[in-house]
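Residues per chain are reported as follows:
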Amino acid sequence: MIIVNIKAKLLLLIVVSLVGCSITIMFIDRVVATKEIRRITETNLRDLAKSAHNFIKAHDSTDMNTLETIINKETKIGRTGFLFIVDSKGNLVIHKKAQGQNWISKPFIKHITDTKSGYHRYLSPKTKTYKVVCYEYFEPKDWIVVASNFESDALAAPIKSMLARSIMFLVPALLLIFGLSFFFINSDIIKPIKAAAVGLKDIAQGEGDLTMRLRVANKDEIGELSQWFNLFIEKLQGIIKDITGGVETLTSSATELSTISEQMTMEAQHVTDRSNT
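Residues numbered from 1 in each chain as written. Predicted model: local features only at pLDDT ≥ 70, side-chain atom pairs only at ≥ 80, totals over all residues. Heavy atoms only, no water.

K.L.:
Where do I start with the overall build of the protein chain in this structure?
P.N.:
Assigned secondary structure in the protein chain consists of five helices and five strands. Going from the N terminus to the C terminus, the protein chain shows its helices and strands as α-α-β-β-α-β-β-β-α-α. Within the span of the protein chain, comprising 277 residues, buried residues form 29% of the whole. Nonlocal contacts in the protein chain, meaning residues at least 24 apart in sequence, comprise 53% of its contacts between residues at least 6 apart. Accessible surface for the protein chain amounts to roughly 18,700 Å². Of this, 62% is attributable to carbon and sulfur atoms. (Helix = DSSP H or I, 4+ residues; strand = E, 2+ residues; numbered from the N terminus. Buried < 20%, exposed > 50% of the residue type's maximum accessible area, 1.4 Å probe, protein only. Contact = heavy atoms within 4.5 Å. Areas by Shrake-Rupley, 256 points an atom, 1.4 Å probe, with all protein chains shown as cover.)

K.L.:
Would you take a moment to explain the sheet that holds strand E2 (residues 92–94) for this structure?
P.N.:
Adjacent strands of a sheet pair through backbone hydrogen bonds, lying either parallel or antiparallel. Spatially, E2-E1-E5-E4-E3 is the arrangement adopted by the five strands of the open sheet, whose pairing is antiparallel. Strands at the two margins of the open sheet, each flanked by one partner only, are E2 and strand E3 (118–123). Strand-to-strand, the axes of this sheet are offset by a mean angle of 35°, without reference to chain direction. Relative to strand E5 (residues 143–150), strand E4 (residues 130–138) runs antiparallel, the two being bridged by eight bridges. From the neighbouring strand, Tyr-135 faces E5, where its bridge partner is Val-146. Helix-sheet contacts for helix H2 (residues 64–74) involve strand E1 (82–87), E2 and E5, and the interaxial angle to E2 is about 90°. (Pairing = 2+ DSSP bridges. Axes fitted to C-alpha atoms, helices over the stretch in contact; angles between N-to-C directions.)

K.L.:
Would you explain the pairing of E4 in this entry?
P.N.:
Looking down a regular strand, the side chains alternate between one sheet face and the other. The element E4 is largely enclosed, with a buried count of seven among its nine residues. Pairing geometry for E3 and E4, over six bridges, is antiparallel. Counterpart to His-120 in the pairing with E4 is Val-133. Joining the antiparallel neighbours E3 and E4 is a turn of six residues, in which Lys-128 adopts a positive phi near 60°. Linking two consecutive strands that pair antiparallel, namely E4 and E5, is a turn of four residues; a positive phi of about 55° is found at Asp-142 within it.

K.L.:
So what exactly am I meant to see when it comes to unusual backbone geometry here?
P.N.:
Where the residue is not glycine, phi is negative for most of them; where a peptide bond is considered, it is trans in most cases. Positive phi, close to 65°, is recorded for Lys-116, a residue that is not glycine. Within the secondary structure layout, Lys-116 lies in the loop between helix H3 (107–115) and E3. A positive phi angle, close to 60°, is found at Lys-128, a residue other than glycine. Structurally, Lys-128 is set in the loop between E3 and E4.

K.L.:
Help me out: how do you make sense of the layout of surface pockets in this one?
P.N.:
It is a probe the size of a water molecule, rolled over the atoms, that shows where empty space is left. Of the volumes computed, that of the largest pocket is approximately 500 Å³. Lining the largest pocket are 22 residues, and of these Trp-103, Phe-108, Ser-124, Lys-126 and Lys-131 lie nearest its centre. Grouping the constituent residues of the lining of the largest pocket by class yields 10 nonpolar, eight polar and four charged. (1 Å grid on protein atoms, 1.4 Å probe; cavity = no way out; pocket = protein on both sides within 12 Å on 5 of 7 lines; lining within 4 Å. Points joined across faces, edges and corners; volume = space filled by probe spheres on them. Nonpolar A, V, L, I, M, F, W, Y, C, P; charged D, E, K, R; others polar.)

As structure tokens, then:
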């Protein structure tokens with residue numbers, strides 16, 4: 001059977017508590033950061049969609065080949081994001097992968113064509129990850145200019161950086177807290193308990209020092225334990241002193257009785273001798 005002492009239990013409790021707090025802090029930081037990054041991503045996509053919309057509006061006479069080159073090749077959004085244009089019927093006017101196809105049957109395209117301008121977050125049926133789009137309607141040509149990106153693309157780098165900063169901050173802080181906790185547990189809890197245990201062990205084995213007293217340094221449960229231990233030893237010392245005094249009295253009385261007995265024996269012997277003569 002494995003015996004775990006109180007010191008190990010307290011240290012284990014501290015470690016578990018610190019790890020739990022760290023995980024909670026990192027989780028909260030991640031949630032807050034994710035929310036803020038999503039807001040920034042939405043703003044950036046809106047700006048890109050609006051900029052593309054304004055460019056098309058300002059260069060209405062630009063030929064399709066030039067516009068395709070600008071949108072498909074020269075404009076990049078993060079690692080995987082891109083711009084595309086769809087009309088209100090779901091036809092992909094300009095798209096780097098599916099240009100010329102009709103995607104009106106796809107739920108996210110249907111949402112875009114129905115609302116024409118706005119923001120939409122949806123689960124990609126192909127990758128099973130979330131994508132975000134912002135889009136602006138260009139009425140003269142019945143085009144909807146869409147800026148799209150995978151949400152993970154926008155979140156990955158900032159979240160990774162945030163986790164690295166959190167670890168750099170938390171590890172030294174945890175080590176410092178653990179060190180201070182270890183010192184406190186060892187000096188203010190373990191040592192007084194060990195001293196009381198050693199004292200009681202000595203008394204139980206019959207070799208105890210009844211003049212020993214524990215130092216009462218704190219006004220807490222450990223200090224109360226030390227105080228009552230000292231009172232117990234003091235009373236025990238008094239009892240032993242009384243018993244010792246009683247034993248000495250009994251020894252003295254026994255000595256006196258022995259002397260009297262010897263005298264009576266001698267007197268009896270003397271009387272016997274006289275009667276014989």
